[in-house]
Every structure is written in structure tokens, then in C-alpha cells.
Amino acid sequence: MSYLEFLSEYLPKLVSGAGMTVMVMICATVLAVVISIIFGLMRLSSNFTIQTAATVYIEFFRGTSLLVQLYWIYYVLPLMGLTLSPFVSGVLALGLNFGAYGAEVFRGGIQSVPRGQYEAAIALNMSPAKRMLRIIIPQTFSLILPPAANLTVELLKATALVALITVVDLMFVAKQLNATTWLSAQVFGTTLIVYYVMARFGLIPFLRSLEGRAARMVGKS
Amino acid sequence: MEWRWDFTWEILPRMLWATGNTLMAAGVGYLIAVIVGLLLMLGQRTPYRLVNFIVREVVEFIRSTPLLVQLFFVFFVAPQFGIKLSAWTAGMLTIGLHFGTYLSEVYRGALEGVPKAQWEACRALNFTTAYTYRKIVLPQAFPIALPGMGNYLVGIFKDTPLLATIGVAELMHTANALGAETYRYLEPYTMVGFIFLIISLPTAMGLRRLEAAVDRAQGKTRY
């Protein structure tokens, strides 16, 4: 079978798998961003208990492997009475894992805003919430986005692991096709190319445009 | 489902043996990655622009595709070309190549972090290129590269469970096997998590100390 025949027969299947990969990625990214902000702020709290809780969470999820977390959520939680669908387990594991990395990025961004900005906001009698939302956080965007973009590309790559808990994503479709056709080179080669195209021509240009927008927002470009 | 300590002690020897395999996989993978990274970095600094371009694109390709797919690609495709690879060899090669691309970026950043004036001063003093690298540039580039190199050591360690999917008998594979034999998944999977935690956290802390020590030895302070 020529490669063109292979493509015309199996590419649609791989692309539909890629659709699921994108779904997993978007859901996990949203979850990771929310977790990053919550735990990043908790890390900065002056309350010892809150700060310690955030540190434990972050070190725990950064110190163990994503695959272990994924298996634990999918295979062990049901034993404790909490059964989650493969999709939810996958999104949860990815979101919790990348949220831990993201929290450190977010914390670093907040901490790098010059002290004078806080003091000026206090001098202008702004409430803590207003100070954070109007003064501090907008200034962190341009600092946070480059490392956050790297994490997002890593997240896209990490979504391949959800195939191992039977989410029918690109990797899962590839494994299935490999098992039925035994055209390993074509199947996995094409899969690699599809992932590459998604990252290089979809995700990365999008993130770069966000970075550019954030830099313009604070007058840097 | 209750946690059973007797079962935990029963499977502990097998888990520890598998931990040895995991550590070996991480060590060998890292060694390959360090060397491959060096070659890929040099491949982007040749006098031939075409070579630089091709190596750069290959690095980009490997960096933006998942390690899991690459593992399957190497493991299943090599036999089609008549190359018999064991799961171990395929795994080590793939991990080495994948993280080699990351390390090449670390090296590149470190070399670019050495001020240009250092090169000019060496030229003025009539040092040879080799001597400049050995005595002036590399000692200054090393502390810059150290944090990145350390992070990817821990990174490789945490990605070794992926090797279980092609049948390397490391921790995750052993936990899967134990679960299948005994129908108990709680203890094996939880133990895998804790073993990872008690190895990666002290390693990360040790690396931070090493960085600080190297900085101090070179008369720099980091905050």
C-alpha cells in the first residue's frame, strides 16, 4: 500500500483522534490555569497553613510522575468509591500536574512586579483586590506568558498519555491502527507529524501572538 | 478498599528491585542525552548553514512531539527495517534523543550567556580556540547550564514510567504486573508515587545546593 493510499484511508481517523486530543488539551489547560492562579496566590499568602498547603500540593505533583498520577486517579480512586470517566480522569491528572508547575510560574510573575507598584497602590488607597486585579496582575502577563507558553506545549505533548487510560485521542487511534494494520512506520510516523503540525503551526503561533499582545499591553514590544 | 500493610511488605522487595531498574534507566538515559545534546548543539554551530538549519529543524520536531509516540515509533518501526531492538535499547535511545534536544538548548543558552568580550579578550591574548573553550568559556558556561541540566535529570527520572508501555521492567511496569497478579492496585500504585517522591525531592534539593556551591566556588552569589 502506497503512503498516499494509507493517508486517504486512515488520515481521517487520525484527525478525528486529534480532535479529542485538542478537547483534552483545552479542558486541561483551563483547569491548570485556574489551579495555577489559586495555588500561586496561596503560596504568597502570609498565613502559614495556607502557604504550607500550597507548597505540599506543588511539591507533591511536581515530585511524582504524571503517568503515576494518571493511573492513580483512574485505577485507585474507584477503589475508594470515586469512579471517574477516562476523559475526566485524564483532564484532572493533566490539570493538577500542570497546575502545580503553573503555580510556580504565576508566583514568580507576581513576585517580580516591583515593590513600588504595591506601595503606590496602597498610597492611592486601593483595596487589596483592586490592587491585585488592576495593578499587579496586568503587569505579570508579559512576564508569565513565555514560560506559560512552554508549559502549554508540554501539556499538548503530555495529552498523549491519556491514551493509556483508554481516552480515544490521537495516540489511542494510532495504537489501534498499528494493531490492526501493522503499518507501524506509516501509523506512528503520521501521528508524529500530526502532533508536530498541531504544535508548530497551531499552538505555538497562537501563544506567540498572545505574548505579543501582552507585551504591547504594558507598553513593551 | 483498605490499605494492607502485610501486602505492602510482601511486595516491597520487588518494588525496590524495580526501583533499581528505574534508576538505571534514568541514569543511562541521561548519559545518552548529555552526549546527544552536545552533538546536537555542535550541529547547530557548524560553518555550513544548511547543516545548522537541518539540525535545528530536527531538534524542533523532536521537541514538539510526545515522547510516548516517539517510543512507540522507535520500538515498532525499527524491526520493520530489520533492526532488532530490545525494549531497553529502544527506550534508552528514545529518551536519550528526546531529552538530548532539550539539553542542546540548555548548552546553547549557556554558551550564549558567556559575554562576547571574553572571546575578544582571548583573541587579543592570542589564545587558540581550543584553549579559549577549555580555560575561559566552558568554566563560565557550566554554572549557567547547571540548573537546566539538573532539571532534566529529574525530568528524565519522572518520564521513565513511560517505558512500561513498551515492556521495560521498571517501577510502573512492576506495579501493573503486581496489580494484575493480585487484583490489588491500591498499594502498588501508591507505593510507586511515594518512591518517586522520596527520590525526586531530595535530588532536586541536592541539585539546588550543588548550584549554590558552584556559584560560591566561582565567587558569585545567587539570591
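Parameters and conventions
- The written sequence of each chain sets the order in which its residues are numbered from 1.
- Think of it this way: whatever chain is written first is A, whatever ligand is written first is 1, and the rest follow in order.
- At least 70 in pLDDT is required for a residue's local features to be given in this predicted model, at least 80 for side-chain atom pairs to be given and counted, and no such filter applies to totals for whole chains, interfaces and linings, which use all residues.
- Segments assigned H or I by DSSP are reported as helices when at least four residues long, segments assigned E as strands when at least two residues long, and all are numbered from the N terminus.
- Put plainly, a residue is buried at 20 or more neighbouring C-beta atoms within 10 Å of its own, exposed at 12 or fewer, and partly exposed in between, counting only other residues' C-beta atoms, which are placed from the backbone.
- Our contact criterion uses C-beta atoms placed from the backbone: two residues qualify when those atoms are within 7 Å.
- Polar here means any residue outside two lists: the nonpolar Ala, Val, Leu, Ile, Met, Phe, Trp, Tyr, Cys and Pro, and the charged Asp, Glu, Lys and Arg; Gly therefore counts as polar.
- Expected helix span is given by 1.5 Å per residue-to-residue step, counting one fewer step than there are residues.
- The reported bend at a residue is simply the angle between two axes, fitted to the 7 residues ending at it and to the 7 residues beginning with it.
- In this analysis an axis means a line fitted to C-alpha atoms, helices contributing only their contacting stretch, and an angle means the value between N-to-C directions, from 0 to 180 degrees.
- What sets the label is the angle itself: under 35 degrees gives roughly parallel, over 145 gives roughly antiparallel, 65 to 115 gives roughly perpendicular, and the rest give oblique.
- Note on convention: the crossing is left-handed when the near helix lies turned anticlockwise from the far helix by less than a right angle, right-handed when the turn is clockwise.
- Note on terminology: a nonpolar core is a set of buried residues of type Ala, Val, Leu, Ile, Met, Phe, Trp, Tyr or Cys, with members joined through C-beta atoms within 7 Å.

Enquirer: Can you help me understand the overall build of chain A in this one?
Expert: Counting secondary structure elements, chain A contains eight helices and zero strands. Reading the secondary structure of chain A in the N-to-C direction produces α-α-α-α-α-α-α-α. For the C-alpha atoms alone, the extent of chain A along its principal axes is close to 75 × 50 × 20 Å. Classification of the 221 residues of chain A by burial places 41% in the buried group.

Enquirer: I'm lost on the interface of chain B and chain A in this one. Help?
Expert: It is common to give the size of an interface as the accessible area lost on bringing the parts into contact. On the chain A side, the residues contacting the 29 residues of chain B number 30 residues. Top element by residues in the side of chain B that touches chain A is helix α8 (residues 186–217) of chain B. It accounts for nine residues. In the side of chain B that touches chain A, the residues fall into 19 nonpolar, eight polar and two charged.

Enquirer: Even after reading the chapter, I still don't get helix α8 (residues 184–217) of chain A, so can you show me in this structure?
Expert: Two residues of an α-helix separated by three or four positions point the same way, owing to the 3.6 residues in each turn. All names here are of chain A. Along its 34 residues, α8 runs 48 Å from first to last C-alpha, staying within 8% of the 50 Å computed at 1.5 Å per residue. Of all bends in α8, the biggest is about 30°, found at Leu203, and the proline Pro205 comes one to four residues later. Positive backbone phi, approximately 75°, marks Gly219, located one or two places after α8.

Enquirer: Sorry, what's going on with the packing of helix α1 (residues 3–43) of chain A against helix α2 (residues 48–63) of chain A here?
Expert: The packing of two helices is summarised by the inter-axis angle and the distance between the axes. All names here are of chain A. Look at α1 against α2: their axes get within 7 Å of each other, and the N-to-C directions meet at 130°. Considering their axes alone, α1 and α2 lie oblique with respect to each other. Both α1 and α2 take part in a crossing whose hand is left-handed. Each of Phe39, Met42 and Arg43 in α1 lies in contact with α2, whose residues at this interface are Ile50, Gln51, Ala53, Ala54, Thr55, Tyr57 and Ile58. For the contact of α1 with α2, the residue count by class is seven nonpolar, two polar and one charged.

Enquirer: Just to check I follow, could you spell out the environment of Tyr189(B) for this structure?
Expert: All names here are of chain B. Structurally, Tyr189 is set in helix α8. Overall, the presence of 23 C-beta atoms within 10 Å leaves Tyr189 in the buried class. Distance from Tyr189 to Met172, taken between C-alpha atoms, is 7.7 Å for residues 17 residues apart in sequence.

Enquirer: Whenever I open this one, the nonpolar core confuses me. Can you help?
Expert: Soluble globular proteins tend to bury their nonpolar side chains together. Counting 112 residues, the largest nonpolar core has Leu70(A), Leu161(A), Phe188(A), Leu68(B), Val69(B) and Ile156(B) as the members making the most contacts within it. Take this core: its biggest share by element is 11 residues, from helix α4 (residues 86–111) of chain A. Not counting the four nearest positions on each side in its chain, Leu68(B) is found in contact with Ala160(A), Leu161(A), Met171(A), Leu162(B) and Thr165(B).

Enquirer: Could you clarify how one ought to interpret unusual backbone geometry in this entry?
Expert: Negative phi values dominate among residues other than glycine, just as trans dominates among peptide bonds. Residues and elements named next belong to chain B. Unusually for a residue other than glycine, Asn126 sits at a positive phi of about 65°. Following the sequence through the fold, Asn126 ends up in the loop between α5 (116–124) and α6 (129–159). On the basis of neighbour count, Asn126 is assigned to the exposed category, with 7 C-beta atoms found within 10 Å. Phi at Tyr183 is positive, roughly 60°, even though this residue is not glycine. You can see Tyr183 is positioned in the loop between α7 (171–182) and α8.

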